[in-house]
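Given next are the chains, with one letter for each unit.
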Amino acid sequence: MHFESLSDFFAMGGYAGYVWSAFGITFLSMIIVLIVSLRQGDALLKEVQSKVDRQARIDAAKNLENTL
């Protein structure tokens, strides 16, 4: 599409409300997905690390039992 001026571009031929709200909703949705994904990733890493630490404590306790 060709626009004569920047204000014509922002007006989008009279459909600015629809066009810019669609862009806004899409951008907001993408930001929300990014934030949720980062939080879930952090939670998953913490869960895995806690399981690894727990298994290390169990293994250390088994080694202490075998030395007695």
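Refer to the preceding data block for the structure.
Below, the structure is looked at part by part. These figures come from a predicted structure and were not determined experimentally. (Residues numbered from 1 in each chain as written. Predicted model: local features only at pLDDT ≥ 70, side-chain atom pairs only at ≥ 80, totals over all residues. Heavy atoms only, no water.)

What to know about the pattern of salt bridges
Thought 1: All chains considered together, the criterion is met by one salt bridge.
Thought 2: Measuring nitrogen to oxygen at the nearest pair gives 3.4 Å for the salt bridge that ties Glu47 to Lys51. Highlighted residues: Glu47 and Lys51, both in helix H2 (residues 16-67), separated by four residues, approximately one helical turn.
Thought 3: Accessibility expressed as a relative area gives 39% for Glu47, which makes it partly exposed.
Thought 4: Lys51 sits in the exposed class, given a relative accessible area of 54%. (Salt bridge = Lys/Arg side-chain N within 4 Å of Asp/Glu carboxyl O. Helix = DSSP H or I, 4+ residues; strand = E, 2+ residues; numbered from the N terminus. Buried < 20%, exposed > 50% of the residue type's maximum accessible area, 1.4 Å probe, protein only.)

Remember, this is a structural readout, not a statement about activity or role.
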